[in-house]
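# Analysis of the macromolecular model
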Amino acid sequence: MDGNGRWARSRGMPRPAGHREGVKAVRRVVEACRKQQIEALTLFAFSSENWRRPKTEVSLLMDLFISTLQKEVDSLHANGVQVRFIGDRTPFSTKLRTLMDNSEIRTQDNPGLRLTIAVNYGGRWDIAQAAREIAARVQASELALDDIDADLLGKQLSLADLPEPDLFIRTGGEQRISNFLLWQLAYTELYFTDTLWPDFDEQSLLEALASFARRQRRFGQTGDQVERIQGA
Ligand code: FPP
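Here we summarise the structure given alongside this text. Quantities reported herein were computed from a predicted structural model and do not represent experimental measurements. (Residues numbered from 1 in each chain as written. Predicted model: local features only at pLDDT ≥ 70, side-chain atom pairs only at ≥ 80, totals over all residues. Heavy atoms only, no water.)

## A short note on the overall build of the protein chain
Worth spelling out the cut-off: Runs of E in the DSSP output that reach at least two residues are strands. Runs of H or I that reach at least four are helices, and both are numbered from the N terminus. As defined in this context, the radius of gyration uses C-alpha atoms, and a globule is described by 2.2 Å times the residue total to the power 0.38. Remark: exposure states derive from per-residue accessible area (1.4 Å probe, protein chains only) relative to the maximum for the residue type, with buried under 20%, exposed over 50%, and partly exposed in between. Only heavy atoms matter for contacts: two residues are in contact if any of them lie within 4.5 Å across the pair. Only the protein chains shown count as cover for residues, and the accessible areas themselves come from Shrake-Rupley with a 1.4 Å probe. Only four residue types enter the tally: Lys and Arg on the positive side, Asp and Glu on the negative side, with His and both chain ends excluded. To locate a charge, the coordinates of NZ of Lys, CZ of Arg, CG of Asp or CD of Glu are taken.
Along its length, the protein chain carries 8 helices and 5 strands. For 232 residues, the compact-globule estimate of 2.2 N^0.38 gives 17 Å, and the protein chain sits close to it at 19 Å. Along the longest, intermediate and shortest principal axes, the C-alpha atoms of the protein chain span 55 × 50 × 35 Å. Relative to its full complement of 232 residues, the protein chain shows a buried share of 44%. Residue pairs in contact within the protein chain that sit at least 24 positions apart in sequence constitute 70% of those at least 6 positions apart. Carbon and sulfur atoms form 49% of the exposed surface of the protein chain, whose accessible area is close to 13,100 Å². Side chains of the protein chain give 31 positive and 32 negative charges; the mean places of these two sets differ by 7 Å.

## Some points on the nonpolar core
Soluble globular proteins tend to bury their nonpolar side chains together. Worth spelling out the cut-off: In these notes, a set of buried Ala, Val, Leu, Ile, Met, Phe, Trp, Tyr and Cys residues joined through side-chain atoms within 4.5 Å is what counts as a nonpolar core.
Core analysis: the largest hydrophobic core is formed by 31 residues, its most contacted members being L41, F65, L96, L115 and V119. Of all elements in the fold, only α2 (15–35), β1 (40–47), α3 (55–78), β2 (82–86), α4 (94–107) and β3 (114–121) reach the threshold of two or more residues within this core. Look past the residues within four positions of L96 in its chain and what remains in contact with it is M62, F65, I66 and L69. If you look at the next biggest cluster of nonpolar residues, it comprises 10 residues, including I86, A118, L162 and L185.

## Quick notes on helix α7 (residues 202–213)
Let me state the cut-off plainly: Here the expected length of a helix is defined as 1.5 Å per residue gap, with one fewer gap than residues. Directions from the helix axis toward the C-beta atoms define the arc.
End to end, α7 covers 16 Å across 12 residues, agreeing with the expected 16 Å (1.5 Å per residue, within 8%). Those residues of α7 that fall on the buried side of the exposure criterion are S204, L205, A208 and S211. All buried residues of α7 project into a common sector of 120° when viewed along the axis, lining one side. Those residues of α7 hidden inside the fold are in contact with α2, β4 (167–170) and β5 (189–192).

## Comments concerning helix α5 (residues 123–139)
Along its 17 residues, α5 runs 24 Å from first to last C-alpha, staying within 8% of the 24 Å computed at 1.5 Å per residue. Residues of α5 that are buried include every one of G123, D126, Q129, A130 and I134, and no others. Across the axial projection of α5, the buried residues extend over an arc of 135°, all falling on one side. Away from its buried face, by an angle of more than 90 degrees, α5 presents the exposed residues R124, R132 and Q139.

## Observations regarding the site of the ligand
Just so we agree on the cut-off: Nearness of a residue to a molecule or strand requires only that one of the residue's heavy atoms be within 4 Å of it. Here a polar contact is recorded for every N or O atom pair within 3.5 Å, except that within protein the pair must consist of a potential hydrogen donor and a potential acceptor, and residues adjacent in sequence are included only if both atoms are side-chain atoms. In the scheme used here, Gly and all other residues not listed as nonpolar or charged are polar, with Ala, Val, Leu, Ile, Met, Phe, Trp, Tyr, Cys and Pro taken as nonpolar and Asp, Glu, Lys and Arg as charged.
The immediate surroundings of the ligand are formed by 16 residues, with N4, G5, R6, R15 and R53 found nearest. The contact in question runs from an oxygen atom of the ligand to an N or O atom on the backbone of G3, over 3.3 Å. Between the ligand and the protein, one listed contact pairs an oxygen atom with a backbone N or O atom of G5 at 3.0 Å. Contact with the protein chains removes 92% of the 640 Å² of surface that the ligand exposes when unbound. Elements with a minimum of two residues in the shell around the ligand: α1 (4–9), α2 and α3. Of the residues forming the shell around the ligand, the biggest block, 4 residues, is contributed by α2. Split into classes, the residues belonging to the shell around the ligand amount to 5 nonpolar, 7 polar and 4 charged.

## A look at the sheet that holds β2
Spelled out, the test is: If DSSP finds at least two bridges between two strands, the strands pair. Think of each axis as a best-fit line through the C-alpha atoms, taken over the contacting stretch in the case of a helix, with angles from 0 to 180 degrees between the N-to-C directions.
In spatial order, the strands read β1-β3-β2; together these 3 strands make up an open sheet with parallel pairing. In the strand order of this sheet, the two ends are held by β1 and β2, each with one partner. Going from strand to strand, the sheet's axes swing by 20° on average, the running direction of each strand aside. Strand direction decides the pairing type here: β2 and β3, joined by 5 bridges, are parallel. Note that in β3 the partner of F85 across the bridge is I117.

Here is the structure:
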C-alpha cells in the first residue's frame, strides 16, 4: 500500500494525513473485494523494515492500527469477514497485541472474505521461522531429513492454509516485492500501478482484476498445453 506519504505531501499535508487517508482506501478495497466475492485479501500494512522510519511516524502508525481496529472490527464481523494478522507481534504494545488477538478470535468462524493484515512481516522472516520449526522437529526426531521438501516447508509458513495468491498489486509506482510474500508469490501475477494508495478505489481494483483476467497462466506448461486443457 505505497504512496501515502506522497499523497499527503502533494497536498501540502503531513505524512500522517496520508496514512489516515490510506485507511479509507483499505475500507473501500475490503468492501470491493467482498462485492467481487474474492476469497482472500492480504494487505502489507507494516514491514519488518518500516521500523527504520522516524520514531514519530512509527508511533503514529501504531496509534492508527489501534484506532482502526477499535473502529472497524464490529463492521468487519457483521459483514462476515475473517480477520487475522501475520508477522512477528512481539515488539508491539500489549494493547495492540490484545486487539489483534481479540479480532482474530471474534471473527475466526466467519464465512466471508479472509482478510490478512501483515504487520512487522517479512517474507524472509517467514521462511526462516518455518526452517527453524522444521529443524526443531528434526532435532526431536519427529521428522527425518528426507521428509523435508517444498511442500513441507510451505506448510510451516504463515499463510499455509490459504491458496497461493493469484494477484499481487503494488501501488505508488514501485516495482519491487520488498520482502512481502516471497515464497507464496512464485506463480502470482504481478500488477504495478502508479496510483497512490489513498487514491486506490473500486475502479482501480477492477482495472487490476481486468489485467489479471487477460493473462495466460502457464505454471511451467506451454501456451498450447494450457489452451488444450481450457478447451477440454
Ligand atoms: C506505505 O506508504 C504505507 C505504509 C508503510 C503504511 C500503510 C498503512 C495503512 C494504509 C494503514 C492500514 C491500517 C490497517 C489497520 C490495515 P509510504 O508511507 O511509503 O508512502 P510514500 O511511498 O509516498 O512515502
